[in-house]
Amino acid sequence: MKKKDIIKREVVVKLPTKYGNFNLYAYRLVDTGEEHLALVKGKWKKDEPILVRIHSSCMTGDILGSLRCDCGPQFEKAMEMIEKDGRGVLVYLNQEGRGIGLINKLKAYKLQEKGSDTAEANLELGFKIDERDYRAGAEILRDLGISKIKLLTNNPKKSEGLMSYGITVVENLPIEIKSNKHNKSYLVTKRDKMGHILKNY
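Residues numbered from 1 in each chain as written. Predicted model: local features only at pLDDT ≥ 70, side-chain atom pairs only at ≥ 80, totals over all residues. Heavy atoms only, no water.

Two elements, strand β4 (residues 50–56) and strand β6 (residues 148–152), share three bridges in a ladder whose sense is parallel. Paired with Ile50 across the bridge in β6 is Ile149. In this sheet, strand β7 (residues 168–173) lies alongside β6 in parallel orientation, the contact comprising five bridges. Of the residues in β7, the one forming a bridge with Lys148 is Thr168. Regarding the hand of the β-α-β motif, the stretch spanning β6, helix α8 (residues 156–164) and β7 is right-handed. (Pairing = 2+ DSSP bridges. Helix = DSSP H or I, 4+ residues; strand = E, 2+ residues; numbered from the N terminus. Right-handed = clockwise from strand over helix to strand, strands pointing away.)

Grouped together as the largest cluster of nonpolar side chains are 26 residues, with contacts concentrated most on Ile54, Val89, Leu141, Leu144 and Ile149. Elements with a minimum of two residues in this core: β2 (21–29), β3 (35–41), β4, β5 (88–93), α7 (135–143) and β6. Counting residues in each nonpolar core, the second largest holds 13 residues, with Tyr19, Leu51, Met79 and Ile175 among its members. (Core = buried A, V, L, I, M, F, W, Y, C linked by side-chain atoms within 4.5 Å. Buried < 20%, exposed > 50% of the residue type's maximum accessible area, 1.4 Å probe, protein only.)

This model, assessed by the stated rule, comprises 11 salt bridges. Close ionic contact of Arg28 with Glu10 constitutes a salt bridge, the shortest N to O distance being 3.0 Å. With a gap of 18 residues between them, Arg28 in strand β2 and Glu10 in strand β1 (residues 7–16) connect regions that are remote in the sequence. Judged by relative accessible area, which is 32%, Arg28 ranks as partly exposed. (Salt bridge = Lys/Arg side-chain N within 4 Å of Asp/Glu carboxyl O.)

Pasting the structure below:
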């Protein structure tokens, strides 16, 4: 499929943030109607490796400040790193709860309160441990003229997902956040059952 058949750039606006000044790109996947965002800083040449964070939406962590995950602090750290570097992209993918949606994520939380870990809870609800797909992220990067990236992630499967759609990951850069009493077991599960590279737990 050609890019124009997959994704449509809807609008670009200037977005001053507490981290610095960015351009905010809004995209829509043509075949599904999904809406995704990209916060963009600076300019680059073709085939130049660019600092990128592919961040899946987390309303509880990014907006409500939940301590049950590390999503909000990861978002903040990534924005700070991109601002410091002077250029880069944070792609904000609309795939809540590792792709199962907000309500199902909260149902998974309830199962965790009863003793399941985050991986077991998804399985008990009839989902895979991780339902995310990175097609939209890859297409957004391509639209921005990016084919090679330095990926801010602890998750090797995210790199594999992007590479399966033709993006070259030249380096994985960890974005590890200090745990707290509410999310330590969650992070240990991500390390032990989901393959995340976490060295401090």
